[in-house]
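If you want the building blocks of each chain, they are given just below.
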Amino acid sequence: MSIKIIGTGSALPEKSVANEDLEKLVDTSDQWIRERTGIGSRHISTGETVTQLSAAACEKALADAGRNAEEVELLLVATCSPETGIPCVACQVQAAVGAVHAVAFDLNAACSGFLFALHTAWAYMEAGICRNALIVGAEVLSKLVDWTDRSTCILFGDGAGAVFAEYRGEPDIFRFVQHADGSKGGALRCDSRQLKNPYTEAALEAPWVQMDGRDIFAFAVRRVPESIGEVLEKAGITADEVDLFVLHQANYRIIEGIAKRLGQDMEKFPVNLDRVGNMSSAAIPVLLDELNRSSRIRRGMKIVLSGFGAGLTWGACVMQW
């Protein structure tokens, strides 16, 4: 059985920061950043929170679906950058949009978060627990970035994307694969609140994102094509039959490498990282919303989603839009 995404929405902070702006902060250049990542600008919060961006994206997704907040039965927010540990972002979004009947909780699988949340929503619906869900990916990564580290501050942006999905009883294409390898987690990490109490003497350190870019690149170009091949085999279709591959927007060179390994033209791999950077769990739903509102995605098209990142986590989904 299947679920259908019937509404999409997204929200970005007002401030856009171009590569030229970063030249004033660190030793870098627009040419250096574009050649290595494909990124030209990103949106950076000047006060917008994960909850505010999530709520705005949810309201747009509900409007696009023609549904109201009181109908929502499940509300999931994928994020690794919440402003509060408790309450969770999803409960704050529930209150903000008026989804008074929704079960709400957060998920953290970093850049794979939205994909994993979508799979969780499918499992809830398949089990008969609910019939619809708002699924959100939202981040304000700018507060986790060391703005003196040119290897990371050039990459990340802030934003949120949401989809509204409903359960459909009829058979359809909808398959998932998910993977994790915690033994490689050190390749991309960000420490949270450290242990500090009257019985410790630990020195507090700022929780900045730390990344081994070469390891992440090698991991992505190897594991993502494998997982896409795995999910296509489950669905009984080939890569040639897929209309669009909507991948996590980490790095244009990674996406090129994945396309090459799959033997597919880059025209089937839409990108927006040149304008928004790497938004972790928000990347896929924001791109989905852009594609939906520009009518580049149409009903009946076969779509592959794939997320990959810290954990390490990765996975893929194939669906008929």
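Described below are features of the structure shown in this document.

Below, the discussion takes up the overall build of the protein. When helices and strands are tallied, the protein shows 10 helices and 13 strands. Computed over C-alpha atoms, the radius of gyration of the protein comes to 19 Å, within 12% of the 20 Å expected from 2.2 N^0.38 for 321 residues, which places it in the range of a compact globule. Based on the C-alpha atoms only, the size of the protein along its principal axes is roughly 55 × 50 × 35 Å. The buried share of the protein, taken over its 321 residues, is 55%. Restricting to contacts in the protein with at least 6 residues of sequence separation, those with at least 24 account for 76%. Accessible surface, the protein as shown: approximately 13,600 Å² in total, 49% of it carbon and sulfur.

Quick look at the sheet that holds strand β4 (residues 74–78) now. Hydrogen bonds along the backbone pair up the strands of a sheet, which may run parallel or antiparallel. Here 5 strands make up an open sheet; going across it, the order is β1-β7-β6-β4-β5 and the pairing mixed. Each end of this open sheet is capped by a strand with a single partner; those strands are β1 (2–11) and β5 (103–107). Taking the axes of each pair of neighbouring strands and ignoring which way they run, one obtains an average angle of 20 degrees across the sheet. When β4 meets β5, the two strands line up parallel, connected through 5 bridges. Bridging from a neighbouring strand, Val-77 pairs with Asp-106 of β5. Docked against the sheet, helix α5 (residues 113–126) engages β1, β4, β5, β6 (132–139) and β7 (159–168), running at close to 165 degrees with respect to β6.

Attention now moves to the pattern of salt bridges. For the coordinates displayed, the defined rule picks out 10 salt bridges. For Asp-30, the salt bridge goes to Arg-34, with nearest N and O atoms at 2.8 Å. Of this pair, Asp-30 and Arg-34 are both found in helix α2 (residues 30–37), 4 residues apart, which corresponds to roughly one turn of the helix. Put simply, Asp-181 and Lys-184 hold a salt bridge, and the shortest N to O gap is 3.6 Å. When salt bridges that share partners are traced, they join Arg-67, Glu-166 and Arg-168 into one network.

At the junction of Ile-86 and Pro-87, the peptide bond is cis and its omega measures out at 0 degrees in the coordinates. Position of Pro-87 relative to the elements: it lies in the loop between β4 and α4 (89–97). Here the residue pair Gly-311 and Leu-312 is connected by a cis peptide bond, since its omega of -10 degrees sits within 30 degrees of zero. Examined against the element boundaries, Leu-312 turns out to sit in the loop between β12 (302–309) and β13 (313–320). The phi torsion at Ser-280 lies on the positive side, around 50 degrees, for a residue other than glycine. Along the chain, the position of Ser-280 falls in the loop between α9 (273–276) and α10 (283–293).

Okay, helix α8 (residues 252–262) next. Every buried residue of α8 is accounted for by Ile-254, Ile-255, Ile-258, Ala-259 and Leu-262. Along the axis of α8, the buried positions cluster into a sector of 135 degrees, meaning they face one direction only. Exposed and oriented more than 90 degrees from the buried face of α8 are Lys-260 and Arg-261. Turning to α8, the residues buried within the fold contact α7 (213–235), β11 (244–247), α9 and β12. The N-cap of α8, judged by a side-chain oxygen 2.6 Å from the amide nitrogen of Arg-253 a few residues on, is Asn-251. A positive backbone phi angle near 70 degrees is found at Gly-263, which sits one or two residues after α8.

Our focus in this paragraph is the side chain of Ser-81. Locating Ser-81 in the fold gives a position in the loop between β4 and α4. Taking relative accessible area as the criterion, Ser-81 reaches 2% and is therefore assigned buried. At 2.9 Å, the side chain of Ser-81 and the backbone nitrogen of Val-140 are in polar contact.

Rules used throughout
- Residues numbered from 1 in each chain as written.
- Predicted model: local features only at pLDDT ≥ 70, side-chain atom pairs only at ≥ 80, totals over all residues.
- Heavy atoms only, no water.
- Helix = DSSP H or I, 4+ residues; strand = E, 2+ residues; numbered from the N terminus.
- Rg over C-alpha atoms; globule rule 2.2 N^0.38 Å.
- Buried < 20%, exposed > 50% of the residue type's maximum accessible area, 1.4 Å probe, protein only.
- Contact = heavy atoms within 4.5 Å.
- Areas by Shrake-Rupley, 256 points an atom, 1.4 Å probe, with all protein chains shown as cover.
- Pairing = 2+ DSSP bridges.
- Axes fitted to C-alpha atoms, helices over the stretch in contact; angles between N-to-C directions.
- Salt bridge = Lys/Arg side-chain N within 4 Å of Asp/Glu carboxyl O.
- Arc of directions from axis to C-beta.
- Polar contact = N/O pair within 3.5 Å; in protein donor to acceptor, adjacent residues only side chain to side chain.

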